[in-house]
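Architecture at a glance
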Amino acid sequence: MKQALTVTGIQKNIQLLLISTVLFITLLIPGRLFSQNDSTKTEEPADENETTLIAPAIQFITVQKNDNTIDLRTALTAKFKGSVIKLPWLKVSFLQVTDTQEKELGFVITDKVGKAVFNVKSDSLVTDKEGKIHFKAVFSGNKQMEGAEEEVTIKRARIEITPVKEDSLLTVKVKLVDMGTGTETPVPEIALGIFVKRQFYPLKVGEGTTDASGEATIEIPNKLPGDAKGNITLLAKLDENEIYGNLEAAVVQNWGTPVSDKLHELPRALWSAHPPLWMMITFIILMTTVWGHYLVIIVQLFRLRKEEPDPGSPTVETIS
Amino acid sequence: MQLNKYQQEVFDKQRPVIETFDKKTWGWTIFFLLWILLGGYALYLQIAKGHEVTGMRDNVVWGLYIANFIFFIGISYAGAVISGILHILQVEWRKPIIRIAEMITVISTVIGPVFILLCVGRLDRLHHLFLYPRLQSPITWDVFAIGTYFAGSVIFLYLALIKDFAIYRDAKLNIPKWKQKLYKILAIGYRGTHSQKRHIRISTNLMAIMIIPLAIIVHSVLSWIFGMTLRPGWHSTIFGPYFVLAAIYSGTGVLIMAMWVYRKMYKLESYLTDKHFVYLGYIMMVLGAGYGYFTFSEYLTDWFASEKWNSEVIEKLFNPAKYGWWFLFANVAGILLPIFIVAIPKTRTPNLITLASFFMVLALWVKRYLIIVPTLESPLLPMQDTRIEYVKYSATWVEWALTFAGIATFFLFYTLLSKFVTIIPISEFAGKEKATAPVKEKKIDPS
């Protein structure tokens with residue numbers, strides 16, 4: 001009797017525990033399901049454009065060349081989800097900025113890696129009192145992206161490049177002249193690099209610093225691989241100068257070792273276009289012999305079938 | 001068709017086998033199908049998720065699948081070379097075993113190349129092998145060689161079956177109509193005329209001569225897939241004959257095992273006699289000695305020369321912490337055991353010869369694995385910052401499931417084929433009754 005009472009007591013306790021648990025959960029559910037925002041709290045409405053628009057960036061440089069033109073080069077990128085992406089197929093406008101106006105020089109659509117290059121003749125450009133030219137690259141933006149712009153100021157300058165051959169010694173004489181003030185003034189104490197054009201990036205072959213007359217003589221190595229005629233393209237470069245920006249001058253010289261641009265027959269290799277003749281012949285002989293014999297056997301079987309006599313015919317013998 | 005008394009005796013003995021598909025056979029068939037089903041699921045995973053479900057990676061690109069491929073093509077030699085040679089030499093005792101051998105050939109030639117397909121990552125480009133074959137590639141040689149060999153094996157088996165199909169056709173067997181019709185079609189009107197016999201004799205002789213060089217070429221080409229590369233342990237001039245010998249050897253082993261199974265299962269002791277086991281045991285012993293010689297020669301030269309990369313592979317094979325125990329098993333069970341079992345008169349019994357064959361076949365499978373994996377785990381270029389699973393191969397359950405599915409398919413095909421044709425050829429017992437009379441003796445003393 002006592003045991004029965006104890007059991008009943010435990011059962012009651014469990015029932016109570018279950019009921020209270022269910023009630024507790026039931027009390028919580030409305031809070032979860034129907035809880036409201038605090039109506040008294042005011043929240044600033046989020047600016048959709050601010051949060052959704054991508055903010056691109058323009059990297060803008062100029063390269064002055066010795067053919068009296070200037071390359072205006074931009075790279076359009078944006079930071080998106082933590083990584084930098086290149087923005088292709090977008091319009092970038094190039095402008096020349098003077099005290100009075102902004103004159104559009106033209107526009108270029110960025111390529112698949114987000115780059116745009118605009119070549120402008122330097123004679124047509126207007127310089128300020130200090131002989132400087134101001135450029136601006138502008139991306140106007142679109143529905144997904146904000147606009148972006150970047151300005152660059154450079155002073156007109158030119159690199160002259162002259163190849164000099166003394167016996168077997170090959171040198172390049174380079175001269176850097178300032179053209180900003182209208183007169184050509186040599187620029188001293190500037191480091192210039194000499195490069196040779198290769199398939200992808202130029203190969204640096206020498207370096208020199210200009211003297212008081214703005215000149216430097218730089219030795220270059222012999223027997224550089226050239227084109228089919230032995231021509232190599234020598235480049236003199238000034239990179240990222242605070243006043244002049246980037247400068248470049250090129251000259252083609254017949255100082256290289258001729259390298260034929262025609263494809264020569266490659267040595268025997270697994271990836272050769274055709275197998276050796278002996279292999280073809282061996283293969284054909286082997287295959288023809290084997291499959292030829294198969295054919296003979298199949299013909300024999302056809303003949304066997306044709307020669308089937310009547311089942312009761314006296315020609316039928318034992319199975320062997 | 002008229003049968004002589006021996007033919008009738010053999011036929012009556014095997015008649016119930018092809019007439020019925022008993023519960024036992026159903027049981028085995030379902031068992032094999034279950035394994036194949038598991039393999040099917042593994043294949044589905046492999047196709048759906050890619051080869052990442054296997055243990056193969058950028059470095060070790062071959063594993064169980066290629067070992068299975070070489071193994072199955074190897075055992076296909078049972079029919080090709082053994083029955084071919086015995087036919088040319090007109091060895092009379094070959095007659096009861098020839099069909100078992102030829103069936104092994106055809107079935108294993110079907111299953112072997114399937115493992116190549118499992119190994120290939122881009123099956124969608126498989127037709128490129130035929131559309132754009134590069135004759136200078138040993139892989140292309142292999143495709144043509146195996147294709148030609150398979151066609152030859154089927155023809156060889158079929159030629160040996162035509163006379164039997166004619167017997168089944170005329171025997172009024174208690175079988176379904178479709179089966180009767182099929183026998184009639186396959187018998188291609190054979191009635192046993194002199195001219196018809198001549199056609200079959202010419203064709204069989206041609207095939208017997210052809211199948212031997214063909215089989216040798218196929219396995220040589222297979223070995224050249226390895227031998228033509230500059231990988232340590234593979235670049236060997238003796239790989240061609242080494243592979244050929246190993247193939248005939250393992251084929252003999254499988255033939256002995258198949259004989260043992262059928263002898264027990266269908267009580268064919270009168271036809272598959274102790275003599276057959278002993279004679280095949282002798283062949284196995286000679287081949288084992290030859291295989292042992294090649295193995296010794298191969299590893300001795302590599303070890304002696306101490307070339308850096310070869311030494312690395314040799315070290316892996318000799319090191320008990322790596323592949324040492326497997327290598328030891330491959331050589332003890334694969335070379336010494338069969339030789340001793342057959343050489344000692346007391347152990348020269350069907351059961352022990354079969355047991356030796358079983359271990360030898362297993363050892364030769366291990367040997368194929370040891371040819372492939374340790375070499376691929378020894379890259380010529382040093383690998384930096386590579387995860388261990390990219391350097392060390394370890395087969396996954398997917399590969400094992402497909403391996404066992406392949407073995408199950410082999411057994412299933414063999415079971416079904418042995419329900420369609422008699423294992424002991426009936427027509428072979430005609431004409432030379434005295435010479436081919438069933439051997440009744442239980443045990444012979446070769447001494």
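Here the structure is a predicted model, which means the values were calculated and not measured. (Residues numbered from 1 in each chain as written. Chains lettered and ligands numbered in written order. Predicted model: local features only at pLDDT ≥ 70, side-chain atom pairs only at ≥ 80, totals over all residues.)

Topic: the overall build of chain A
Applicable threshold: The secondary structure listing takes helices from DSSP runs of H or I that are at least 4 residues long and strands from runs of E that are at least 2 residues long, numbered from the N terminus. Comment: burial labels come from other C-beta atoms within 10 Å of the residue's own C-beta, placed from the backbone, where a count of 20 or more is buried, 12 or fewer is exposed, and between is partly exposed. With C-beta atoms placed from the backbone, a contact is any residue pair whose C-beta atoms sit within 7 Å.
What chain A contains, in helices and strands, is 3 helices and 16 strands. Taking all 320 residues of chain A together, 21% fall into the buried category. Once local pairs closer than 6 in sequence are excluded, the contacts in chain A between residues at least 24 apart make up 54%.

With respect to the overall build of chain B
Of regular secondary structure, chain B possesses 17 helices and 0 strands. Scored against the burial criterion, the 447 residues of chain B give a buried share of 46%. Taking contacts inside chain B between residues at least 6 apart in sequence as the whole, the part at least 24 apart equals 82%.

Notes on the confidence of the model for chain A
Residue and element names in this part refer to chain A. For the record, the criterion: Every residue gets a pLDDT, meaning the predictor's confidence in that residue, from 0 to 100.
Of the residues in chain A, 80% reach a pLDDT of 70 or more, and the chain-wide mean stands at 82. Every residue in residues 1-5 is under pLDDT 50, and counting partners more than four places away or in other chains gives 0 contacts. Per-residue pLDDT stays below 50 along residues 27-39; that stretch engages in 0 contacts with residues further than four places along the chain or on separate chains.

Focus on the interface of chain B and chain A
Quoted interface sizes are often the accessible area lost when the parts come together. Operational definition: Each residue is assigned to one of three groups, with Ala, Val, Leu, Ile, Met, Phe, Trp, Tyr, Cys and Pro labelled nonpolar, Asp, Glu, Lys and Arg labelled charged, and all others, Gly among them, labelled polar.
Facing 35 residues of chain B, the contacting portion of chain A comprises 27 residues. If you list the elements that add at least two residues to the side of chain B that touches chain A, you get α7 (138-170) and α9 (194-227) of chain B. Per element, the largest residue contribution to the side of chain B that touches chain A is 10 residues, and it comes from α9(B). Its residues assigned to classes, the side of chain B that touches chain A shows 17 nonpolar, 16 polar and 2 charged.

Brief notes about the pairing of strand β10 (residues 169-178) of chain A
Residue and element names in this part refer to chain A. Stated formally: Two strands make a pair as long as DSSP finds a minimum of two bridges between them.
Inspection of the sheet shows strand β9 (residues 157-166) paired to β10 by 10 bridges, in the antiparallel sense. By the bridge assignment, isoleucine 159 is partnered in β10 with leucine 176. Following β9, the chain reverses through 2 residues before pairing antiparallel with β10; aspartate 167 in that reversal takes a positive phi of roughly 55°. Across 5 bridges, β10 lies against strand β14 (residues 215-219) in antiparallel orientation. Looking at the pairing, threonine 171 lines up with glutamate 219 of β14. A loop of 6 residues connects β10 with strand β11 (residues 185-186), the two strands running antiparallel in sequence, and glycine 182 in this loop sits at a positive phi of about 100°.

Examining the sheet that holds strand β4 (residues 91-97) of chain A
Residue and element names in this part refer to chain A. Rules: Between N-to-C directions, angles cover 0 to 180 degrees, with each direction set by a line fitted to C-alpha atoms, over the stretch in contact for helices.
Strand order in the open sheet made by the 4 strands is β5-β4-β7-β8, with antiparallel pairing throughout. Bordering the open sheet on either side are β5 (102-109) and β8 (148-155), each of which pairs with just one other strand. Adjacent strand axes in the sheet meet at a mean angle of 20°, parallel and antiparallel pairs treated alike. In terms of strand pairing, strand β7 (residues 132-139) meets β8 through 8 bridges, oriented antiparallel. Bridge pairing in β8 places isoleucine 133 opposite isoleucine 154.

Let's talk about the packing of helix α5 (residues 98-119) of chain B against α7(B)
All names here are of chain B. Inclusion rule: We call two directions roughly parallel when the angle between them is under 35 degrees, roughly antiparallel when it is over 145, roughly perpendicular when it lies between 65 and 115, and oblique otherwise. Each crossing gets its hand from how the near helix is turned against the far one by less than a right angle, where anticlockwise is left-handed and clockwise is right-handed.
Interhelical geometry of α5 versus α7 gives an angle of 150° and a closest axis separation of 10 Å. With respect to α7, the axis of α5 lies roughly antiparallel. Along this stretch, α5 crosses α7, giving a crossing that reads as left-handed. The segment α5 lies against α7, with Ile98, Arg99, Glu102, Met103, Thr105, Val106, Thr109 and Pro113 engaging Ile146, Tyr149, Phe150, Ser153, Val154, Phe156, Leu157 and Ala160. Partitioned by chemical class, the residues of the contact of α5 with α7 number 11 nonpolar, 3 polar and 2 charged.

Some thoughts on the environment of Gly189(B)
Looking at the element boundaries, Gly189(B) is found in the loop between α8 (177-186) and α9. For the pair Gly189(B) and Lys163(B), spaced 26 residues apart in sequence, the C-alpha to C-alpha distance is 9.8 Å.

Notes on helix α11 (residues 274-305) of chain B
Threshold: Take the residue count of a helix, subtract one, and multiply by 1.5 Å to get its expected span.
Between its terminal C-alpha atoms α11(B) stretches 46 Å, which fits the 46 Å expected from 32 residues at 1.5 Å a residue. All of the buried residues along α11(B) are His276(B), Phe277(B), Val278(B), Leu280(B), Gly281(B), Met284(B), Met285(B), Leu287(B), Gly288(B), Tyr291(B) and Phe294(B).

Some details on helix α1 (residues 5-19) of chain B
Residue and element names in this part refer to chain B. Stated formally: To get the bend at any residue, fit one axis to the seven residues that end at it and another to the seven that begin at it, then take the angle between the two axes.
Over its 15 residues, α1 extends 21 Å from the first C-alpha to the last, a length consistent with the 21 Å expected when each residue adds 1.5 Å. At lysine 13, α1 shows its maximal kink, close to 35°; a proline, proline 16, follows between one and four residues later. Residues of α1 that are buried sit in contact with α7.

Structural notes on unusual backbone geometry
The phi dihedral of Asp167(A) is positive, around 55°, even though this residue is not glycine. Of note in this structure, Lys172(B) is not a glycine but carries a positive phi near 50°. One can find Lys172(B) in the loop between α7 and α8.

Remarks on the packing of helix α3 (residues 64-75) of chain B against helix α16 (residues 397-418) of chain B
Residue and element names in this part refer to chain B. Closest axis-to-axis distance for the α3/α16 pair is 10 Å, and the angle between their directions is 15°. Judged by the inter-axis angle, α3 sits roughly parallel to α16. α3 and α16 meet at a crossing whose hand is right-handed. Contacts between α3 and α16 pair Leu64, Tyr65 and Asn68 from the former with Glu399, Thr403 and Gly406 from the latter.

Some details on the nonpolar core
What counts is decided by this rule: Connectivity within a nonpolar core runs through C-beta atoms within 7 Å, and the core itself is a set of buried Ala, Val, Leu, Ile, Met, Phe, Trp, Tyr and Cys residues.
If you look at the biggest cluster of nonpolar residues, it comprises 136 residues, and the most contacted ones within it are Ile100(B), Ile104(B), Val218(B), Leu245(B), Leu255(B), Met259(B) and Leu370(B). The element best represented in this core is helix α10 (residues 239-265) of chain B, accounting for 16 residues. In this structure, Leu255(B) is in contact with Ala78(B), Ile82(B), Ile97(B), Ile100(B), Ala101(B), Ile104(B) and Leu280(B), ignoring residues within four places of it in sequence. Core analysis: the second largest hydrophobic core is formed by 42 residues, Leu87(A), Ala137(A), Ala148(A) and Ile194(A) among them.

Regarding the environment of Arg191(B)
Locating Arg191(B) in the fold gives a position in the loop between α8 and α9. Given 20 C-beta atoms within 10 Å, Arg191(B) falls into the buried group.

Some thoughts on the environment of Glu150(A)
Residues and elements named next belong to chain A. With respect to the helices and strands, the residue glutamate 150 is situated in strand β8. Expressed as a C-alpha distance, the spacing of glutamate 150 and isoleucine 58, which sit 92 residues apart in the sequence, is 6.2 Å. Setting aside anything within four residues of it in sequence, one finds glutamate 150 in contact with Ile58, Phe60 and Ala137.

Examining the confidence of the model for chain B
Detailed conclusions should not be drawn from predicted coordinates in areas where pLDDT is low. All names here are of chain B. Residue-level pLDDT values for chain B average 88, and 95% of them are 70 or greater. By mean pLDDT, helix α17 (residues 433-436) is the weakest element of chain B at 40, and helix α13 (residues 324-343) is the strongest at 96. Across residues 431-447, confidence stays below pLDDT 50; counting only partners more than four residues off in sequence or on other chains, it has 23 contacts. Under the prediction, the complex receives an ipTM of 0.84, its pTM being 0.67.

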